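A closer look at the structure
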There are 2 protein chains.
Amino acid sequence: MSEYKLPSRSEDFAEWYNQLVLRAELADYAPVRGCMIVRPYGWALWENIQQALDRRFKATGHVNAAFPLLIPQSFLEREQSHVEGFSPELAVVTVGGGKKLEEPLVNRQNSYTIIGHAYPKWIKSYRDLPMLINQWNSVLRWELRTKLFLRTLEFFWQEGHTAHATYEEAEAETRQMLDIYTDFAVAEAAIPVIPGRKSESERFAGADQTYSIEAMMGDGKALQAGTSHNLGRNFAKAFEIRYLDNTGELQYCWTTSWGLSTRFIGAIIMVHGDDKGLVLPPRLAPIQVVIVPIFKTDDEKPSVMERAQKVSAELIAANVRVKLDDRDGLTPGFKFNDWEMRGVPLRIEIGPKDVVNGTVALSRRDNPGKEGKSFAPQEGLAKLISETLDGVQESLYKRALAFREKNTHAPQNYEQFKEVVEGGFALAYWCGRRECEGQIKEETKATTRCVPLGQESQDGSCIRCGQAAKEKVIFARAY
Amino acid sequence: MSEYKLPSRSEDFAEWYNQLVLRAELADYAPVRGCMIVRPYGWALWENIQQALDRRFKATGHVNAAFPLLIPQSFLEREQSHVEGFSPELAVVTVGGGKKLEEPLVNRQNSYTIIGHAYPKWIKSYRDLPMLINQWNSVLRWELRTKLFLRTLEFFWQEGHTAHATYEEAEAETRQMLDIYTDFAVAEAAIPVIPGRKSESERFAGADQTYSIEAMMGDGKALQAGTSHNLGRNFAKAFEIRYLDNTGELQYCWTTSWGLSTRFIGAIIMVHGDDKGLVLPPRLAPIQVVIVPIFKTDDEKPSVMERAQKVSAELIAANVRVKLDDRDGLTPGFKFNDWEMRGVPLRIEIGPKDVVNGTVALSRRDNPGKEGKSFAPQEGLAKLISETLDGVQESLYKRALAFREKNTHAPQNYEQFKEVVEGGFALAYWCGRRECEGQIKEETKATTRCVPLGQESQDGSCIRCGQAAKEKVIFARAY
């Protein structure tokens, strides 16, 4: 697999991405159009993402549950805005146990309606609030144009659904989860993201407010990497989710929802990857360090292997996720390419001279070739490896941030705007009118990604129409 | 919820079970017939089961992946024995994205066929073997009679699917996974199980050999708690899963599969539960220790709460899963019942006298009432709690084992056999003929559960027909 070269990232980003996903064995196409098989290496990455998020969810009082896959079709009609947003995307079960069903069932596209069914049974009084439930599952949406990880009929995600007694609590939850996504993206995935508020037209159907984190991919396009919605009382009213307050009065709950999906794997690929393949941030990498033993003769093998095993054992003891590549019959060069394709952050080479000198050669994936290569004593290696992994993590983040900054512009007029959104973000004033937003999209393919949080209110004029504007918005072409 | 009394376990086991599942908030009925919602407390239990198994799977070289939910209906026709076993149970998707599909898709009842599609693409040579993949997912089977956790249309499980170069390796894998299930059941769930071989008629469709672990429930019936199948080359031949051996010849693989599901939660309930509700083994319990602060006046509250928080913090630091029940407006008695219903292994009570004396009261869930109650100094409490939890774990196992032994009989003739299988296991010689097995089932409702492993070959005569028999078999009525 590894002598194979990827298409150049700069020349054909889309094809580079598709082939990387397959060659790195992250995922494969399923027999059903638009579905994917997440292969063990890709799933191990997702498991690390899950753990990093789940730890944060639980530390903030959330619990997991499992709502069912099958939903009566009639449920979807209860929330009109929901139906409009989703019904063309349904997969419908009409036959069960060999018989035509009286009422068709749909495979969930999300768990809103089933949760809308359950919460009124579980929430009676203010004592039952807040209800802070998350679910890890897969959902189905009948997408027409698909791409592995980025848009598939079935995808994997977590969907949090919470209910609160007050607007303030719901808004605080919505923002807390956005903060958690931001912290996760930065600290674990080394991806700089812009947390912000969505425009009305980009908002989730049925939400009072949608927040998202937006990341810049290697081609300058934006990817929405996680969303958090304040649903106000819209959802509670549609499903009669009510509670008795402490004065005995019946009140509607305030609800939120938030989600992050296997799309995020697409973001990791497109932010950090290079022409040699995947580049994984050490904190999420299934394999952080690969050890490649190097020997030319059978005589050299035993001492090299012994030393490689010793180094491997020391790193395992230091909680490093290490793999000793002891495959027979493959050249070191083949192995180097293979692990570079899979994005392993650090490679250790041990040869006969290293056995004698008590050294190893270290190669950093974020800096391939001679520049990223160094030699180190075996003594005290675990500490050095751990520091080097931190260094790789930091350098990936800095590089991605520098790339984003270089490709984020503050155009002075609409002509400049059109140019910059061809391969980057434009931070520009916008009047806030849906019409103007629509025309910008039509003329430039760029959409409003988000209104970055923490801006002070300013006086400006809309980049397109020149009308008064209060806030700057990130515009970009998006995945 | 907690002033409510369950039906007596001894008088109405089935209804006791149903109500316990709902009252302990393990699961709830979903709107679609036969589906369930696993509530947060039940899911936390399942997460602990998953972790205990997943650790064991990974330690033996297995990796996880995610195969898709949707499977082309035509795939099911490739393995005839498979179709016969499963097709009446299908949920079929006939409409996608608003259009009738050209080929119907089924929601997976398992991942055999999709894996049969993937493995030939991934396995080329002996270097690619063994392929050791597991998946945690949910599957759908259109069951007619359902019961929460024990038999639902959708259930949660893991399905392992492995491919090997030789029969010996496949058989070793099959047995290894059976051993892992046995170890898990005994060490984590405190459930004694009998590992054994299934009779031909109880075997999985398409398997050369099926092994299972069988547990005795509180009503003397058997529950198959995990299965491991040696599929020979049957599955590989149906799906053309082949590899080039080291002489360059194309060979069929030998495959295995093994699974354990949310049924296991049903086993935990039915083995350990009592009239007060659930009783959880400490190693799997989402909450191992609950602290109930006790005070009568507002004056007493601050010092009691302060001490309760201090004890809670010490236990958290010692990695005990502890919950401080600081709910206002509920009596201690209500809280006791509530946590007993949920099966929390240990309760700590702290009152004003305990604050003064530096003591706590301890109550063991496995021994409710005065007998299981003791007093302990707060000094060094974490160590005592940890030992006591080990004690509860051990006593639950011993009690379940004693119950099984008491209700396992070696009937001397068929009349005795009929009696004992009404409420227990019969260990008896069987001739091995399918016909005889069928008649026993018809006459007694007892089926062959398994041929316990490790028997020496003996000479006996079949409990029903008197013909020569070589092995003793466990017969029981089963869930």
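Residues numbered from 1 in each chain as written. Chains lettered and ligands numbered in written order. Predicted model: local features only at pLDDT ≥ 70, side-chain atom pairs only at ≥ 80, totals over all residues. Heavy atoms only, no water.

1. Some words on the confidence of the model for chain A
Considering every residue of chain A, the mean pLDDT works out to 95; 97% of them sit at 70 or more. What the predictor reports for the complex is a pTM of 0.97 with an ipTM of 0.96. (pLDDT = per-residue confidence, 0-100.)

2. What to know about the side chain of Thr174(B)
Of note, Thr174(B) is situated in helix 5 (residues 167–187). For Thr174(B), the side chain forms a polar contact with the main-chain oxygen of Ala170(B), separated by 2.7 Å. (Helix = DSSP H or I, 4+ residues; strand = E, 2+ residues; numbered from the N terminus. Polar contact = N/O pair within 3.5 Å; in protein donor to acceptor, adjacent residues only side chain to side chain.)

3. Description of the relation of the copies chain A and chain B
Superposing chain A onto chain B takes a rotation of 180 degrees combined with a translation of 0.0 Å along the rotation axis, leaving an RMSD of 0.0 Å. The superposition operator between the copies reduces to a two-fold rotation axis. Distance from the rotation axis, computed per C-alpha, reaches its smallest value in chain A at Val93(A): 2.1 Å. Of all interface residues in chain A, 100% are interface residues in chain B too; the two copies therefore contact each other through one and the same surface. (Least-squares fit on C-alpha atoms with pLDDT ≥ 70 in both. Contact = heavy atoms within 4.5 Å.)

4. Some details on the pairing of strand 7 (residues 131–140) of chain A
Residue and element names in this part refer to chain A. Within strand 7, ten of the ten residues are buried, which leaves it mostly tucked inside the rest of the structure. Burial of the side chains of strand 7 extends over both faces: Met-131, Ile-133, Gln-135, Asn-137 and Val-139 are buried on one face and Leu-132, Asn-134, Trp-136, Ser-138 and Leu-140 on the other. One ladder, built from two bridges, connects strand 3 (residues 63–64) with strand 7; its direction is parallel. Of the residues in strand 7, the one forming a bridge with Val-63 is Ile-133. Alignment of strand 7 against strand 8 (residues 154–164), held across ten bridges, turns out to be antiparallel. Bridged to Met-131 within strand 8 is Ala-163. (Buried < 20%, exposed > 50% of the residue type's maximum accessible area, 1.4 Å probe, protein only. Pairing = 2+ DSSP bridges.)

5. Thoughts on the sheet that holds strand 17 (residues 346–350) of chain A
All names here are of chain A. Read across the sheet, five strands follow the order 16-15-17-18-19 without closing on themselves; strand pairing throughout is mixed. Each edge of the sheet is formed by a strand with only one pairing partner; in this case those strands are strand 16 (322–324) and strand 19 (373–377). Within this sheet the neighbouring strands show an average axis-to-axis angle of 25 degrees, counted without direction. Bridging between strand 15 (residues 289–293) and strand 16 involves three bridges; their strand directions are parallel. For Ile-291, the partnering residue across the bridge sits in strand 16 and is Leu-324. (Axes fitted to C-alpha atoms, helices over the stretch in contact; angles between N-to-C directions.)

6. Brief notes about the interface of chain A and chain B
Quite often, the size of an interface is put as the accessible area lost when its parts meet. Across the contact, 51 residues belong to chain A and 51 residues belong to chain B. Buried surface at the junction of chain A and chain B, both sides included, amounts to about 4000 Å², of which 64% is carbon and sulfur. The largest per-residue losses of area from chain A upon contact with chain B belong to Pro31(A), Ala66(A) and Trp122(A), which jointly make up 14% of the total buried on that side. Between the two partners, chain A and chain B, sit four salt bridges. Among the salt bridges present, the one from Lys58(A) reaches Glu47(B), with a minimum N-O distance of 2.8 Å. Counting across the chain A and chain B interface gives 22 residue pairs in polar contact (both at pLDDT 80 or more). Take the side of chain A that touches chain B: its biggest share by element is six residues, from strand 5 (residues 91–96) of chain A. Along the lines of polarity and charge, the residues of the side of chain A that touches chain B split into 35 nonpolar, eight polar and eight charged. (Buried area = accessible area lost by both parts, 1.4 Å probe. Salt bridge = Lys/Arg side-chain N within 4 Å of Asp/Glu carboxyl O. Nonpolar A, V, L, I, M, F, W, Y, C, P; charged D, E, K, R; others polar.)

7. Details of the environment of Leu69(B)
With respect to the helices and strands, Leu69(B) occurs in the loop between strand 3 (63–64) and strand 4 (70–72). Residue Leu69(B) is classed as buried on the basis of its relative accessible area, which comes to 2%. The residues contacting Leu69(B), other than those within four sequence positions of it, are Leu69(A), Asn107(A), Leu140(A), Glu154(A), Val106(B), Asn107(B) and Arg108(B).

8. As for helix 2 (residues 40–59) of chain B
Residues and elements named next belong to chain B. In this model helix 2 runs 28 Å from its N-terminal to its C-terminal C-alpha over 20 residues, within 8% of the 28 Å that 1.5 Å per residue would give. The element helix 2 is largely enclosed, with a buried count of 15 among its 20 residues. Count one or two residues on from helix 2 and you reach Gly-61, which has phi positive near 90 degrees. (Expected span 1.5 Å × (residues − 1).)

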